[in-house]
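Single-letter residue listing:
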Amino acid sequence: MDGTLEFTMGLSDGIAWPWPIAVYLFFAGISGGALSVALFIRFYKKQVTNTAFLKASALVSFITISLGMLCLVLDLTNPLFFWRILVYYNLNSVMSIGVIALTAYIPLVALIAMFALEEEIKRIAILRPLLPIIDKLRGIRRPCEVAVLLLALSVCAYTGFLISALIRFPLINTAVLPALFVASGLSAGAAAAKMLAVGMFKEDLHSQDMKILHGAEWPIMFAEALFLFMIIMSLMTGNAGAQTAFEAFHSGSWAMVFWLGVVGVGFMGPVLLNFATGKRFSHSAQAFYLSGLCAVSGMMCLRMFILYAGQNFAI
Amino acid sequence: MSENIERRRFLKCLGAGSLILAPLGCSSVKEEDSNSNRPHYAMVFDQNKCVGCGECKEACNKANNLPEGKSRLMMEQQSGGVEGQKCSHCGKTECDCERKYVRVSCQQCKNAPCVTVCPTGAAHRDPATGIVTMNADKCAGCKYCIAACPYDARYINKDTDVADNCDFCLNSKLAKGELPACVQGCRYDALIFGDVNDPNSYISRLLAVKDSVRIKSHFGTEPSLRYIPIVKQGV
Ligand code: SF4
Ligand code: SF4
Ligand code: SF4
């Protein structure tokens, strides 16, 4: 025995945060990422119309954040306790700050979705009562978009800060985790939204928006890989606790999830589909959807890996 | 050289002068800034005396009305065989290792991550006693505190669906002026409880003469539980 006195048992019976939390982190990342990318493009290109990509992003963003909240509530020991998080606050708590951000974010996303989907709403009879509201609020659309862009990025980062505060787990308790989650949220969110834009809102595969997205995709993915590499290196060269956590990358089933899911599907998948296949296939619709699905599943694997492998290798 | 000593003496006086402001002069500066006139409740686990009988667990279960078989502490056996099982220290089924137990429970951190992360303030520090305890009516069951506790010392009470930790029996025993149930229940005096800010308390006098350690102090949580480990002669 090296230390003076230690114990290894715990009272909690295993993993405190199981898969619904990983799914929540996933959905929140997609929601924030999709909307951020769409609004970036809107501001950058000074667009005033409702583009197909904006419509798709707003819809994806609203649906995913709602599903994410559902996961969060269902993971509470008793979902009926949910109101307590909304009523009591502790400003020292990352989660509490996140709840405040989300209570502003979710209604604003709904509003942005209403603005973006105005024409579709006109066509659906049961949604028509929303039209007068849209008309009334049209004046504040711009400030809302700016606020939502900031909030969307904060929500992405918040999912990282939420878990990086857990000091017992070296894989999770790292400084670059929030940055990694922002990067992977942007890339998977953009992928999800562009699939919907093409599939549902009939965006042309080679439109201007798609070209910008295509150009932005690779640098973001590169940043993501870089952040992951930083985490791996810091664990590999770190102290005893970090070295134990480094095992997560080379032993056990979570290592498989990492190498096959995150690296294989998430990174290599899109890269191979775009650069290793003939020009005809890589510009086809199949390649487009397949590479989008790869990016999204890679992100899901990343969240699962970080949460489970992280909690398995505690110090 | 002598100038150096002079300077050091001067700095010492300066330091001591600032300490007079605090009502009680005690040796550690860190303790000073956190109200030394308030109590700081602490517990000592003496490994030399513990025989692993488990009476503490039963006492805890009864005193705090916990679900069947659950208590807010565990005993981890670290060496010495149980019949039919391998010794966790040497790995043999039969060995001469001395039996060693360690108390696993909330360490009552002075800098408690569970209190920091709790979004509702359900996990909080009792203002009067400074003990980390629970307000079950506020807990949302999010389990953030459980993931954040570096000692894995929290759990969900299956009866109430809220998080729980050892709070030195704050509401069940201390409120009645009694000692914590596990301390009362231990027949071998392996558990000592008291106020370490009171220089005359038994626990203060014990800690003044015995070497004790804190667990995983590198987390920087400043735990209030202290352990007197079994030390072999000559090590
Ligand atoms: S040991 Fe865990 S539960 Fe107890 S005060 Fe420290 S952080 Fe909180
Ligand atoms: S489980 Fe309860 S006590 Fe723990 S952090 Fe959540 S609300 Fe606070
Ligand atoms: S002090 Fe009370 S709550 Fe804590 S372990 Fe002992 S009996 Fe249980």
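Here we summarise the structure given alongside this text. (Residues numbered from 1 in each chain as written. Chains lettered and ligands numbered in written order. Predicted model: local features only at pLDDT ≥ 70, side-chain atom pairs only at ≥ 80, totals over all residues. Heavy atoms only, no water.)

### So, the site of ligand 1
Argument step 1. B:C106, B:Q107, B:Q108, B:C109, B:A112, B:P113, B:C114, B:V132, B:C149, B:P150, B:Y151 and B:R154 make up every residue found near ligand 1.
Argument step 2. When the residues that make up the shell around ligand 1 are grouped by side-chain class, the tally is nine nonpolar, two polar and one charged. (Near = heavy atom within 4 Å. Nonpolar A, V, L, I, M, F, W, Y, C, P; charged D, E, K, R; others polar.)

### A look at the site of ligand 2
Argument step 1. Near ligand 2 lie 14 residues; those nearest to it are B:C118, B:C139, B:C142, B:K143 and B:C145.
Argument step 2. A per-class count over the shell around ligand 2 returns eleven nonpolar, two polar and one charged.

### Examining the nonpolar core
Argument step 1. Residues A:Y24 and A:I163 are the most contacted members of the largest nonpolar core, which totals 158 residues.
Argument step 2. Within the second largest apolar cluster, six residues are counted, among which are B:A42, B:I192, B:I203 and B:L206. (Core = buried A, V, L, I, M, F, W, Y, C linked by side-chain atoms within 4.5 Å. Buried < 20%, exposed > 50% of the residue type's maximum accessible area, 1.4 Å probe, protein only.)

### With respect to the interface of chain A and chain B
It is common to give the size of an interface as the accessible area that goes away when the parts come together.
Argument step 1. Listed by partner, the interface residues are 37 residues for chain A and 52 residues for chain B.
Argument step 2. Each partner contributes to the roughly 3800 Å² buried at the junction of chain A and chain B, and carbon and sulfur atoms together form 62% of this total.
Argument step 3. If you look at where chain A meets chain B, you find two salt bridges.
Argument step 4. A salt bridge links B:D152 to A:R168, with the nearest nitrogen and oxygen atoms 3.8 Å apart. (Contact = heavy atoms within 4.5 Å. Buried area = accessible area lost by both parts, 1.4 Å probe. Salt bridge = Lys/Arg side-chain N within 4 Å of Asp/Glu carboxyl O.)

### A closer look at the side chain of B:T129
Residues and elements named next belong to chain B.
Argument step 1. Along the chain, the position of T129 falls in the loop between β4 (123-125) and β5 (132-134).
Argument step 2. A polar side-chain atom of T129 sits 2.6 Å from a polar atom in the side chain of D126.
Argument step 3. In this view, T129 contacts P39, Y41 and L170; residues no more than four positions away in its chain are not counted. (Helix = DSSP H or I, 4+ residues; strand = E, 2+ residues; numbered from the N terminus. Polar contact = N/O pair within 3.5 Å; in protein donor to acceptor, adjacent residues only side chain to side chain.)

### Considerations on the environment of B:Q78
Argument step 1. Mapped onto the elements, B:Q78 comes out in strand β2 (residues 73-79).
Argument step 2. For the pair formed by B:Q78 and B:V213, sequence separation is 135 residues and the distance between their alpha carbons is 17 Å.

### Considering the sheet that holds strand β1 (residues 41-46) of chain B
Strand pairing in a sheet relies on backbone hydrogen bonds, with the paired strands running either antiparallel or parallel.
All names here are of chain B.
Argument step 1. Strands sit in the order β8-β1-β9 across an open sheet of three strands; the sheet is mixed. The sheet is open, and its two borders are formed by β8 (191-195) and β9 (225-228), each paired with just one other strand. Strand-to-strand twist in this sheet, taken as the mean axis angle between neighbours without regard to direction, amounts to 20°.
Argument step 2. Summarising the sheet, β1 and β9 pair through four bridges and their orientation is parallel. Its bridge partner lying in β9, D46 is registered against I228.
Argument step 3. The strands that helix α7 (residues 202-209) touches are β1, β8 and β9; relative to β8, the one it contacts most, it runs at about 115°. (Pairing = 2+ DSSP bridges. Axes fitted to C-alpha atoms, helices over the stretch in contact; angles between N-to-C directions.)

### What about the packing of aromatic side chains?
Argument step 1. Per the stated rule, a full pass over the model turns up 16 aromatic pairs over all chains.
Argument step 2. Ring plane angle 55° and centroid distance 6.4 Å describe the contact between A:F7 and B:Y151, whose orientation is recorded as tilted. Pair noted here: A:F7 is in the segment before α1 (19-44) and B:Y151 is in the loop between α5 (144-148) and β6 (155-157), and the two residues belong to different chains.
Argument step 3. Connected via pairs of aromatic rings, a cluster forms that spans A:F246, A:F249, A:F258, A:W259 and A:F305.
Argument step 4. In this structure, A:R84 packs its charged tip against the face of A:F81, placed 4.1 Å from the ring centre.
Argument step 5. The ring centre of A:F181 lies 4.0 Å from the NZ or CZ of A:R303, which sits over that ring. (Phe/Tyr/Trp six-rings, centres within 6.5 Å; stacked < 30°, edge-to-face > 60°. Lys NZ or Arg CZ within 6 Å of the ring centre and 35° of its normal.)

### With respect to the state of the cysteines
Argument step 1. Inspection of every chain in the model, using the stated rule, returns zero disulfides over all chains.
Argument step 2. Of all cysteine sulfurs in the structure, the one in B:C142 sits closest to A:C71, which takes part in no disulfide; the separation is 16 Å.
Argument step 3. Here A:C301 is not disulfide-linked; the sulfur of A:C294 is the nearest cysteine sulfur, at 10 Å. (Disulfide = S-S within 2.5 Å.)

### Section: the pattern of salt bridges
Argument step 1. Enumeration over the complete set of coordinates arrives at 14 salt bridges over all chains.
Argument step 2. Here B:R187 and B:E55 are joined by a salt bridge, their closest N and O atoms 2.7 Å apart. Taken together, the residues span a long stretch of sequence, with B:R187 in the loop between α6 (181-185) and β8 and B:E55 in helix α3 (residues 55-63) at a distance of 132 residues.
Argument step 3. Accessibility expressed as a relative area gives 28% for B:E55, which makes it partly exposed.
Argument step 4. Because the salt bridges share partners, they merge into one network encompassing A:K55, A:E119, A:E120 and A:R123.

### Side note on the packing of helix α9 (residues 208-236) of chain A against helix α11 (residues 253-275) of chain A
Relative orientation and spacing of two packed helices are given, respectively, by the angle between their axes and the distance between those axes.
All names here are of chain A.
Argument step 1. The geometry of α9 relative to α11 is characterised by a closest axis approach of 12 Å and an angle of 150° between their N-to-C directions. Between α9 and α11, the angle is such that the two are roughly antiparallel. Classified by chirality, the crossing of α11 by α9 is left-handed. Residues H214, W218, M221, E224, A225, L228 and I232 of α9 lie in contact with α11, whose contacting residues are F258, V262, G266, F267, P270, V271, N274 and F275.
Argument step 2. Its residues assigned to classes, the contact of α9 with α11 comprises eleven nonpolar, three polar and one charged. (Parallel < 35°, antiparallel > 145°, perpendicular 65-115°, else oblique. Left-handed = near helix turned anticlockwise from the far one by under 90°.)

Functional significance is not addressed by these values, which are geometric in nature.
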